[in-house]
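Here is what each chain is made of, one letter per residue.
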Amino acid sequence: QVHLVESGGGSVQAGESLRPSCVASGMTFLAYAMGWFRQAPGKEREFVAAIRWSDTITYYADGVKGRFTISRDSLKKMVYLQMNNLKPEDTAVYYCAAGYNVYGTNWSPTYWGQGTQVTVSS
């Protein structure tokens, strides 16, 4: 079965950076688009970023564009989310996700990780 495991969350001050990662198993890594969603308490789960499996084109939510960078490592079967200049509004559980492919921010992935907590304090 497909397994996605996130790590690298934590607690930081506003303006600092984190780089959570996600390792994939039980799948042909390059056949899936990979991405990140997040969910804050009492709010809907929202799209954050994604990267295509075919050509590595990336997509970002408006609120993180310019601050976050998604990347993937085919050899390690991992996807990363470099988060710079973090804001308190970024506080959420971040979920790794996988799907056949992505063509925009309106993406419905098939597989999900368990999530990693990111907390940003003022």
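The structure this text deals with has already been given above.
What this report covers is the structure whose coordinates are included nearby. (Residues numbered from 1 in each chain as written. Predicted model: local features only at pLDDT ≥ 70, side-chain atom pairs only at ≥ 80, totals over all residues. Heavy atoms only, no water.)

On to the overall build of the protein. A count of helices and strands for the protein gives zero helices and eleven strands. In the protein, the order of α-helices and β-strands from amino to carboxyl end is β-β-β-β-β-β-β-β-β-β-β. Counting only C-alpha atoms and orienting by the principal axes, one finds that the protein spans roughly 40 × 25 × 25 Å. Within the protein, the fraction of its 122 residues that count as buried is 47%. Within the protein, residue pairs in contact and separated by at least 24 positions form 59% of the contacts whose partners lie at least 6 positions apart. (Helix = DSSP H or I, 4+ residues; strand = E, 2+ residues; numbered from the N terminus. Buried < 20%, exposed > 50% of the residue type's maximum accessible area, 1.4 Å probe, protein only. Contact = heavy atoms within 4.5 Å.)

The full count for this structure, using the stated rule, is five aromatic pairs. Here the guanidinium or amino end of Arg19 rests over the ring plane of Tyr80, the centre of that ring lying 4.2 Å away. (Phe/Tyr/Trp six-rings, centres within 6.5 Å; stacked < 30°, edge-to-face > 60°. Lys NZ or Arg CZ within 6 Å of the ring centre and 35° of its normal.)

Once that is clear, we can look at the nonpolar core. Core analysis: the largest hydrophobic core is formed by 38 residues, its most contacted members being Leu4, Met27, Met34, Trp36, Leu81 and Tyr94. When residues of this core are traced back to their parent elements, those giving at least two are β3 (21-25), β4 (33-39), β5 (46-51), β6 (58-60), β7 (68-73), β8 (78-83), β9 (92-99) and β11 (116-121). Setting aside residues up to four positions removed in sequence, Leu4 forms contacts with Cys22, Val23, Ala24, Met27, Met34, Cys96, Ala97, Ala98, Tyr111, Trp112, Gly113 and Gln114. (Core = buried A, V, L, I, M, F, W, Y, C linked by side-chain atoms within 4.5 Å.)

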